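Coordinates in review
Read off the chains here:
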Amino acid sequence: MSRRGRYSAEGAATADCLPATFPHQCPKEQRLEGKEPFKLHCFYSLLRGKKQRRNGGNEMRHAIAPSPNVENNSIAVTDLFKICTHCERLTKKDLGIRIPRPLGSGPSRFIPEKEILQVSKVDARTQAIFEDAFAALHRLDNISLVMSFHPQYLGSFLRTQHYLLQMDGPLPLHYRHYICIMAAARHQCSYLVNLHVNDFLQVGGNSKWLNGLNEAPQKLQQLGEINKILAHRPWLLTKEHIEHLLKTEEHSWSLAELIHAVVLLTHYHSLSSFTFGCGIMPEINCDSGHTFRPPSLSRYCACDIANGNGHANLHDDLPGNEEMCGEVEELMERMKQLQECRDDEEASQEEMATRFEKEKTESMLVVMSEDEECVPSRDISRHFEDTSYGYQDFSRRGEQVPTFRAQDYSWEDHGFSLVNRLYPDVGQMLDEKFQMAYNLTYNTMATHKDVDTSMLRRAIWNYIHCMFGIRYDDYDYGEINQLLDRSFKIYIKTMVCSPEKTTKRMYESFWRQFQHSEKVHVNLLLMEARMQAELLYALRAITRYMT
């Protein structure tokens, strides 16, 4: 595989190599009595500092400790909250500084911060991945921190994303980031939209385009139709859609450009699913990641709240944990029984086809959310058209998803070679990423070791493809109902089809005995299976156009 997509670790900045005079550095030796030290938030500030210096300090201003000779005029403290001596010095009226406070504790709303890999405790391999990511992007975002539960996958993910966004390719840089905005906006993922709005401007993008899709070039506007279809109903994509993009005289796309755009669209549709499925929080330097309002807790200082010391670990005290004490053992027993049935007898092709159609129909009836319809804000909806279009429309009575036989068009035999031919090296990178997520295993289930999880991983992957109408002739879809319970199916369908509706309650309601790292692994499977399903429909339509 070509190494053009790999980024160099040269010049990577870490918490240990930044200069001591760095203005955002949190003093490691300072410890507040009876309080935990600064954790990930301190590291975020360290990583952001290098980028802020390069940008001339245009990002949010961070508070720094005043020099000892500053006159001691402390502000009045209300009875609503206490404040430690260190923070009191930072809030002097004569400095005119407002101290930002993160809206959440840690990178995820669903996962306790203490369970996410701490930068000071990671192994050398993960540290090297973090350094490479920061050297290439000048940031280490919360998505990467959550993915760091699985460093082997994270390395593959970051290499692929870096290649798509920054290395030589058919599309100019500002087009790439604008397409990312269009894709993330389709699922109302403000986290990814805001991230790429900043990147779009940094690479010289026209700020007028951000006023709405109608302000962007006609060429990008024409991409809106396949963005909509791929995000919600990819089985409706036809060669006529492809022909319209390629044969528009003045604003036509080349095949290579279209492949690049399709890969970006599917990547960011699926990454939106992961973002919502893991409850990713915006970083403190983002507009939606901080507040200047003081906390209203009587026992904690603002710095405690910033570091998560004032938050209870709700996951540990979930109602119903006692009832779920045998959940893992029951699932393992069902896996054992299914394996024995496989060995004893094999269902006929007709029977397996019937089971697939039954599972596909049942997947349509799974209710994704009891919440009201999510209405996108103006800031998000201006980046795409037809806001009422979504997956939920297809489940109306009488409508069916047509069956896509993987034996007729598969990633391994058809899609991989097409992508690699029109966008060299990307097919190889995507294949590595798909395989990494699908085959990743530690041979554990909760506290049990030496467990073969291949049957469970295949059921999850194939269930997602089944929802999109994709059938594998050699798979018995009767296994899905044995391995995936209803609460898990609700979570899968919501995260894959309407990720903006994913809630913490859904995340906590499935696999309650499993580790957070195992649930993140599930989300990686869902993300990659969804991306491959979208790609298969898009690449099949392109192939039909070419032939």
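These numbers were taken from a predicted model, which means no experiment stands behind them.

Cut-offs used in this document
- Residues numbered from 1 in each chain as written.
- Predicted model: local features only at pLDDT ≥ 70, side-chain atom pairs only at ≥ 80, totals over all residues.
- Heavy atoms only, no water.
- Core = buried A, V, L, I, M, F, W, Y, C linked by side-chain atoms within 4.5 Å.
- Buried < 20%, exposed > 50% of the residue type's maximum accessible area, 1.4 Å probe, protein only.
- Helix = DSSP H or I, 4+ residues; strand = E, 2+ residues; numbered from the N terminus.
- Contact = heavy atoms within 4.5 Å.
- pLDDT = per-residue confidence, 0-100.
- Arc of directions from axis to C-beta.
- Polar contact = N/O pair within 3.5 Å; in protein donor to acceptor, adjacent residues only side chain to side chain.
- Axes fitted to C-alpha atoms, helices over the stretch in contact; angles between N-to-C directions.
- Parallel < 35°, antiparallel > 145°, perpendicular 65-115°, else oblique.
- Nonpolar A, V, L, I, M, F, W, Y, C, P; charged D, E, K, R; others polar.
- 1 Å grid on protein atoms, 1.4 Å probe; cavity = no way out; pocket = protein on both sides within 12 Å on 5 of 7 lines; lining within 4 Å.
- Points joined across faces, edges and corners; volume = space filled by probe spheres on them.
- Phe/Tyr/Trp six-rings, centres within 6.5 Å; stacked < 30°, edge-to-face > 60°.
- Lys NZ or Arg CZ within 6 Å of the ring centre and 35° of its normal.

**A short note on the nonpolar core**
- Ranked by internal contacts, the top residues of the largest apolar core, which has 136 residues, are M147, L223, F274 and I460.
- When residues of this core are assigned to their parent elements, the largest contribution, 16 residues, is made by helix α22 (residues 516-546).
- Apart from the residues lying within four places of it in its own chain, the contact partners of F274 are I143, V146, M147, I280, M495, V520, N523, L524 and M527.

**Quick notes on the environment of P170**
- For P170, the location among the structural elements is in the loop between α5 (151-166) and α6 (173-186).
- By relative accessible area, P170 is classed as partly exposed at 28%.
- A C-alpha to C-alpha distance of 8.7 Å links P170 and L258, two positions 88 residues apart in sequence.
- Every residue in contact with P170, bar those within four places of it in the chain, is listed here: A256, E257, H260 and Y423.

**Looking at the confidence of the model for the chain**
- When pLDDT is averaged across the chain, the result is 78; 67% of the residues are at 70 or more.
- Predicted confidence for residues 1-81 stays below pLDDT 50, and this span has 145 contacts to residues more than four positions away or in other chains.
- For the stretch residues 305-322, pLDDT sits under 50, and the model shows 38 contacts to residues farther than four places along the chain or on other chains.

**Things to note about helix α16 (residues 411-422)**
- Those residues of α16 that fall on the buried side of the exposure criterion are W411, G415, L418, V419 and L422. Seen end-on, α16 carries its buried residues on one side only, within an arc spanning 105°. Exposed positions of α16 whose direction lies more than 90 degrees from the buried face are D413 and R421.
- Residues of α16 that are buried sit in contact with α11 (255-277), α17 (426-439) and α22.
- Regarding α16, its N-cap is S410, as a side-chain oxygen of that residue lies 3.1 Å from the backbone nitrogen of D413 further along.

**Notes on the packing of α11 against helix α20 (residues 486-497)**
- Contact geometry for α11 and α20: axes closest at 8 Å, N-to-C directions at 130°. One finds that α11 runs oblique with respect to α20. Only Y491, M495 and V496 of α20 make contact with α11, whose side of the interface consists of S273, F274 and G277.
- Here the residues of the contact of α11 with α20 are counted per class, giving four nonpolar, two polar and no charged.

**Let's talk about empty space enclosed by the protein**
- According to the stated counting rule, one finds three cavities of 30 Å³ or more in the structure shown.
- Taken as a whole, the largest cavity spans an internal volume of roughly 100 Å³.
- What lines the largest cavity is a set of 13 residues, among which L137, R139, D141, Q161 and Y268 lie closest to the centre.
- Residue contributions to the lining of the largest cavity peak at four residues, all from α5.
- Among the residues forming the lining of the largest cavity, the class breakdown is eight nonpolar, three polar and two charged.

**Some thoughts on the packing of aromatic side chains**
- For the structure on display, the rule yields 21 aromatic pairs.
- Linked through ring pairs, F110, F488, Y491, Y507, F510, W511 and F514 together constitute an aromatic cluster.
- K519 extends its terminal NZ or CZ atom over the ring of Y507, reaching a point 4.6 Å from the ring centre.
- Above the face of the F510 ring, K519 is positioned so that its terminal group lies 4.5 Å from the ring centre.

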